[in-house]
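Letter by letter, the chains look like this.
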Amino acid sequence: MSRLLSLLIVVWLVIGVVAAYQRDYFSNARTNCAEASNIALTIAAGPLNYFGVNPKVTCSGVKVPKPSN
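Residues numbered from 1 in each chain as written. Predicted model: local features only at pLDDT ≥ 70, side-chain atom pairs only at ≥ 80, totals over all residues. Heavy atoms only, no water.

(A) Quick look at the overall build of the protein chain. Regarding its fold elements, the protein chain presents two helices and zero strands. Here the protein chain holds 69 residues, and 20% of them are scored as buried. Restricting to contacts in the protein chain with at least 6 residues of sequence separation, those with at least 24 account for 51%. Working note: accessible area of the protein chain is about 5500 Å², and carbon and sulfur atoms make up 66% of it. (Helix = DSSP H or I, 4+ residues; strand = E, 2+ residues; numbered from the N terminus. Buried < 20%, exposed > 50% of the residue type's maximum accessible area, 1.4 Å probe, protein only. Contact = heavy atoms within 4.5 Å. Areas by Shrake-Rupley, 256 points an atom, 1.4 Å probe, with all protein chains shown as cover.)

Right, dumping it as structure tokens:
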């Protein structure tokens, strides 16, 4: 039973990676809170992406410290 569950989880995540790739999330070097969160949510949503789920995250409320001069 645990082997089947593990296999289902791996297949689920692989489908999520394919969905993120199809949305060109891996094509640019831009990294920020929202972009990383969108990639993670797309992978976690897995096959649901193909049923219209389009997870998006905004990081407008996050206070990030600025580098010192």
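(B) Structural detail: helix α1 (residues 2-22). Here α1 spans 30 Å end to end across 21 residues, near enough to the 30 Å set by a 1.5 Å rise per residue. Looking at the buried residues of α1, the elements they touch are α2 (33-45). Note on α1: the residue one or two positions beyond its end, Asp 24, has a positive phi of about 60 degrees. (Expected span 1.5 Å × (residues − 1).)

(C) The arrangement of unusual backbone geometry in detail. In this model, Asp 24 sits at a positive phi of 60 degrees, which is unusual for a non-glycine residue. Checked against the element boundaries, Asp 24 lands in the loop between α1 and α2.

(D) Region of the structure containing a nonpolar patch on the surface. A surface patch of nonpolar side chains, about 670 Å² in accessible area, is lined by Leu 5, Ile 9, Trp 12, Leu 13, Leu 48, Phe 51 and Val 53. The exposure class assigned to Leu 48 is partly exposed, which follows from its relative accessible area of 38%. (Patch = residues over 30% accessible without salt bridge, like charges linked within 9 Å, V, L, I, M, F, W, Y side chains within 5 Å. Salt bridge = Lys/Arg side-chain N within 4 Å of Asp/Glu carboxyl O.)

(E) Fine view of the packing of α1 against α2. For the pair α1 and α2, interaxial distance at closest approach is 6 Å and the crossing angle is 135 degrees. Considering their axes alone, α1 and α2 lie oblique with respect to each other. Relative to α2, the crossing made by α1 is right-handed. Within the contact between the two elements, α1 uses Trp 12, Leu 13, Gly 16, Val 17, Ala 19 and Ala 20 and α2 uses Thr 42, Ile 43, Ala 44 and Ala 45. (Axes fitted to C-alpha atoms, helices over the stretch in contact; angles between N-to-C directions. Parallel < 35°, antiparallel > 145°, perpendicular 65-115°, else oblique. Left-handed = near helix turned anticlockwise from the far one by under 90°.)

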